[in-house]
Amino acid sequence: MSLTIRRRQASTELPLIERLLQARQPIPDADTRLLLKDLHPPALLKNMDAAVTLLRRHLAQQNHVLIVSDFDADGATSCALGMRALRSMGFQQVSYIVPNRFEYGYGLTPEIVALAASYSPDLLITVDNGISSIEGVAAANAAGMEVLVTDHHLPGRELPAAAAIVNPNQPGCDFPSKSLAGVGVIFYVMLALRAALRQEGWFEQNSLPEPRLSDLLDLVALGTVADVVPLDRNNRILVRAGLERLRKGQGCPGILALLRAGKRQLEQLSAADLAFAVAPRLNAAGRLDDMGLGIECLLSESQTNAEFLVSELDRINEARKQIESSMRDQAMQILAGMRPGTENLPAGLCLYEAEWHQGVIGILAARVKEMVHRPVIAFADAGESGQLKGSARSIPGIHIRDVIDAVATAHPGLVSKFGGHAMAAGLSLEQEDLADFRGAFAHEVASRCSPETLQQVIVTDGELPGQEFTVQTAELIRAHGPWGQGYPEPVFDGRFKVVGRRVLQGRHLKLVVHPLSENAGSCEELDAIAFNLDQQRLQELNTADELQLVYRLDINHFQGRKSLQLMIEHIIGDGQQG
């Protein structure tokens, strides 16, 4: 696959950090401070008053509230936040259920409502799901249970008949940030509820300390980063505040234990640490087993209990890695059997093997998408007779949920159900319809993209001057985070002379390099590392004297010393085009 580098436009006369911020800030001279007081107010979310009134009524009657969670990290953090917040406000009967994806599938289905009924709840609160649960909400209503839907996914043509729906993406909602994660939505609902209870004197009347909802921002940060929603300014405020709590060691015992398992240093914690060290361990429970384990970890008040639960999550995550590796090898064999050359592949790919694990197909689709730079759907058997479940991942410029919607509209009955975002979606269909869907999907993607869309473009912040290759520069960049989806961490590109190289664990390439740019100055030799290269790529790079690298700056901590390390994102050349 060919790669093209495009450099962001920013004044080269500005100091480095100002140039980096200017390239990302949509409004010139915008306030770069990220203060909680500048969050958009909860009242801007449609139906917030109705949601608060509903919750206050059930609180006054001390009714049983049951949270219905999703089985990913956003759902788990949403559930834990809702449980903690409601209990702190005086709810005495609060419990949760999380559907096992292999038995019940996604969302508030009639089957989940039947399970929920065994708990005898008065109010169901969905977190990170529910906006598409037409039949499930109807079943809950029929069973005498009210429903509060809190979600952030895109709605379909019909909304469920819930008592209240809070979702920034529902029609008629004027909330400026459409990128809230599910955990952000429930956090906002809790903010509004606390404000209403404070105004009516609830806490004083019931001798309750007013809850500090800022104590829950570590959960908000984790769920927001894990769900890879765009980090607009509102989300950056939330994530920054959560990271600051964690850096002080003030997070919940479960998240702190997950960070220790990932060998992350709290003082230097970044959003990337949550994304790559914490979220995979938490998500593994929902992918292979039961996300209840992850939720219990986030609810744990005991460090000892949290450590035990994290050891279990770590074990499950290792199993997930093994399964993923095997599935990825099989996917590569499928691709090799298709038309040779990435440029000859269909515009949209559908991959399926009967033994693939349905809890891991989302990761697989993402991995293959990164390799071939086109929308990919990986399918697995759903455990039901003839049913397949698919997990889709997309590329910039192709709204994957809209593509699936268009296919479903043009071919009625082809897709059983679907839902999702611009970049990720899920769907179900009959196995016998896979071939028809594969063709319709590829055709629909092709109709929406140009050859340029399928050309991978690596956007960088240009060449780094020699004097900026310092630990201080890396620390300055880290201090101006959080970086993430929609607000990308600075990456640079340039040509380097290879001074030394060695392979670690058979798949990681450790380099010693020296920049070759005209303004390299007296820059010293630099350590650099590229992770998870296949054997063919390692062989290609074994004799290269010069390489063009796309990299970000990182700090390596070893025996109490700090040194700069280049984290290589792409190696261009030697079989790839720049």
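Above this text sits the structure in question.
Residues numbered from 1 in each chain as written. Predicted model: local features only at pLDDT ≥ 70, side-chain atom pairs only at ≥ 80, totals over all residues. Heavy atoms only, no water.

Undergrad: It is not clear to me how the state of the cysteines should be interpreted in this structure. Could you clarify?
TA: Linking two cysteines covalently via their sulfur atoms produces the bond known as a disulfide. Taken as a whole and assessed by the stated rule, the structure comprises 0 disulfides. For Cys350, which is in no disulfide, the shortest distance to another cysteine sulfur is to Cys449 and amounts to 14 Å. (Disulfide = S-S within 2.5 Å.)

Undergrad: Whenever I open this one, the pattern of salt bridges confuses me. Can you help?
TA: When charged atoms on two side chains of opposite charge get close, those side chains can pair. This model, assessed by the stated rule, comprises 26 salt bridges. Here Asp554 and Arg478 are joined by a salt bridge, their closest N and O atoms 3.2 Å apart. Within this pair, whereas Asp554 is found in strand S16 (residues 546–558), its partner Arg478 is found in helix H17 (residues 471–479), the two being separated by 76 residues in sequence. One connected set of salt bridges, linked through shared partners, spans Arg320, Glu324, Arg328 and Arg367. (Salt bridge = Lys/Arg side-chain N within 4 Å of Asp/Glu carboxyl O. Helix = DSSP H or I, 4+ residues; strand = E, 2+ residues; numbered from the N terminus.)

Undergrad: I would appreciate a short explanation of the pairing of strand S2 (residues 65–68) in the present structure.
TA: Regular strands place their side chains on alternate faces of the sheet. Side-chain alternation along S2 places Val65 and Ile67 on one buried face and Leu66 and Val68 on a second face that is also buried. Bridging between S2 and strand S3 (residues 94–97) involves 4 bridges; their strand directions are parallel. By the bridge assignment for S3, Ile67 is matched with Tyr96. Traced from S2 through helix H3 (residues 73–88) to S3, the parallel crossover comes out right-handed. (Buried < 20%, exposed > 50% of the residue type's maximum accessible area, 1.4 Å probe, protein only. Pairing = 2+ DSSP bridges. Right-handed = clockwise from strand over helix to strand, strands pointing away.)

Undergrad: I keep staring at the nonpolar core and nothing clicks. Help me out?
TA: In a soluble, globular protein the nonpolar side chains are often hidden away together inside. Formed by 123 residues in total, the largest nonpolar core has its most connected members in Ile125, Met190 and Leu566. A total of 12 residues in this core trace back to one element, the largest contributor, which is helix H6 (residues 182–199). Filtering out sequence-adjacent residues up to four positions away, Ile125 remains in contact with Leu55, Val65, Leu66, Ile67, Val68, Leu86, Leu148, Thr150 and Ile186. Among the nonpolar cores identified, the runner-up in size contains 26 residues, and Phe379, Ala392, Leu414 and Val415 belong to it. (Core = buried A, V, L, I, M, F, W, Y, C linked by side-chain atoms within 4.5 Å. Contact = heavy atoms within 4.5 Å.)

Undergrad: Is there a simple way to explain the sheet that holds strand S17 (residues 561–572) in this structure?
TA: For sheets, the rule is that strands pair by backbone hydrogen bonds, running either parallel or antiparallel. One closed barrel holds the 5 strands; their spatial order is S13-S14-S15-S17-S16, and the pairing between them is mixed. Between one strand axis and the next, the sheet turns by 45 degrees as a mean value, whatever way the strands run. H17 contacts strand S13 (492–504), S16 and S17 of the sheet and is inclined by roughly 80 degrees relative to S16. (Axes fitted to C-alpha atoms, helices over the stretch in contact; angles between N-to-C directions.)

Undergrad: What is the right way to look at the sheet that holds strand S11 (residues 424–430) in this model?
TA: Taken in spatial order, the 5 strands make up an open sheet running S7-S8-S9-S11-S10, and their pairing is mixed. Bordering the open sheet on either side are strand S7 (349–352) and strand S10 (417–420), each of which pairs with just one other strand. Ignoring which end each strand starts from, the neighbouring axes of this sheet average 20 degrees apart. Pairing of S10 with S11 involves 4 bridges; the strand directions are antiparallel. Each bridged residue has a counterpart across the sheet, and for Phe418 the counterpart in S11 is Leu427.

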